[in-house]
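Remarks on the overall topology
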Amino acid sequence: MGVLPDDPFPSDTDMVRAAIDAAAAAGERDIPVGAVVFDSAGRELARAANAREALGDPTAHAEILALRRAAAVHGDGWRLEGATLAVTLEPCTMCAGALVLARVGRLIFGAWEPKTGAVGSLWDVVRDRRLNHRPQVRGGVLADDCAALLDGFFRAQR
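In this text, all values refer to a predicted model and were calculated from it rather than measured experimentally. (Residues numbered from 1 in each chain as written. Predicted model: local features only at pLDDT ≥ 70, side-chain atom pairs only at ≥ 80, totals over all residues. Heavy atoms only, no water.)

**Notes on the pattern of salt bridges**
- In total, this model carries 8 salt bridges according to the counting rule given.
- With a closest N to O distance of 3.0 Å, Arg-29 and Glu-53 form a salt bridge. A residue pair is termed long-range when its members are at least 10 positions apart, and Arg-29 in the loop between helix 1 (12-23) and strand 1 (34-38) and Glu-53 in helix 2 (residues 52-55) qualify at 24 residues.
- Look at Glu-53 and you get partly exposed, because its relative accessible area is 37%.
- Sharing partners across several salt bridges, the network here consists of Asp-12, Arg-106 and Arg-138. (Salt bridge = Lys/Arg side-chain N within 4 Å of Asp/Glu carboxyl O. Helix = DSSP H or I, 4+ residues; strand = E, 2+ residues; numbered from the N terminus. Buried < 20%, exposed > 50% of the residue type's maximum accessible area, 1.4 Å probe, protein only.)

Rendered as structure tokens:
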């Protein structure tokens, strides 16, 4: 029996590392949050960084931009069933609602956001039993690395 190749599917840590890389594209005035969408086979579909300040768009969060781009290339309209969204920061209510509506299968995030987080910190939108879709969630992946991005940004703002 031959040796099987290593599993090409990226680990949760690899996915959050990709989101950290995506955060580097944030403009100097935008909070460095990155998001990457992977398909059910682990292939990257899209990535984005926060661009709210750069675009003058209150909805230009990394998650929203990545979900839009992924839906455009995924081939199943707006549904991202089986996809994984990796993001450096716990999503807000808008982003949590969008990933539920897009039918994302899994959410992996890094740092917790106690002030606005909607995946367990302040609210728990994605696990609300009244909704017709609830993704699997894993938070705290590379949390210290993700929090360091934010700490550095806010320290420079002061």
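On we go.
**Here's the deal with the pairing of strand 2 (residues 44-49)**
- Relative to strand 2, strand 1 runs antiparallel, the two sharing 5 bridges. Residue pairing in the sheet places Val-36 in a bridge with Arg-47 of strand 2.
- Between strand 1 and strand 2, which pair antiparallel in sequence order, lie 5 residues; one of them, Gly-42, sits at a positive phi of approximately 90 degrees. (Pairing = 2+ DSSP bridges.)

**Brief notes about the packing of helix 1 against helix 5 (residues 143-157)**
- At a minimum axis separation of 10 Å, helix 1 and helix 5 run at an interaxial angle of 10 degrees. With respect to their mutual orientation, helix 1 and helix 5 come out roughly parallel. Residue-level contacts link Val-16, Ile-20 and Ala-23 of helix 1 to Asp-145, Cys-146 and Leu-149 of helix 5.
- Residue classes in the contact of helix 1 with helix 5 are distributed as 5 nonpolar, no polar and 1 charged. (Axes fitted to C-alpha atoms, helices over the stretch in contact; angles between N-to-C directions. Parallel < 35°, antiparallel > 145°, perpendicular 65-115°, else oblique. Contact = heavy atoms within 4.5 Å. Nonpolar A, V, L, I, M, F, W, Y, C, P; charged D, E, K, R; others polar.)

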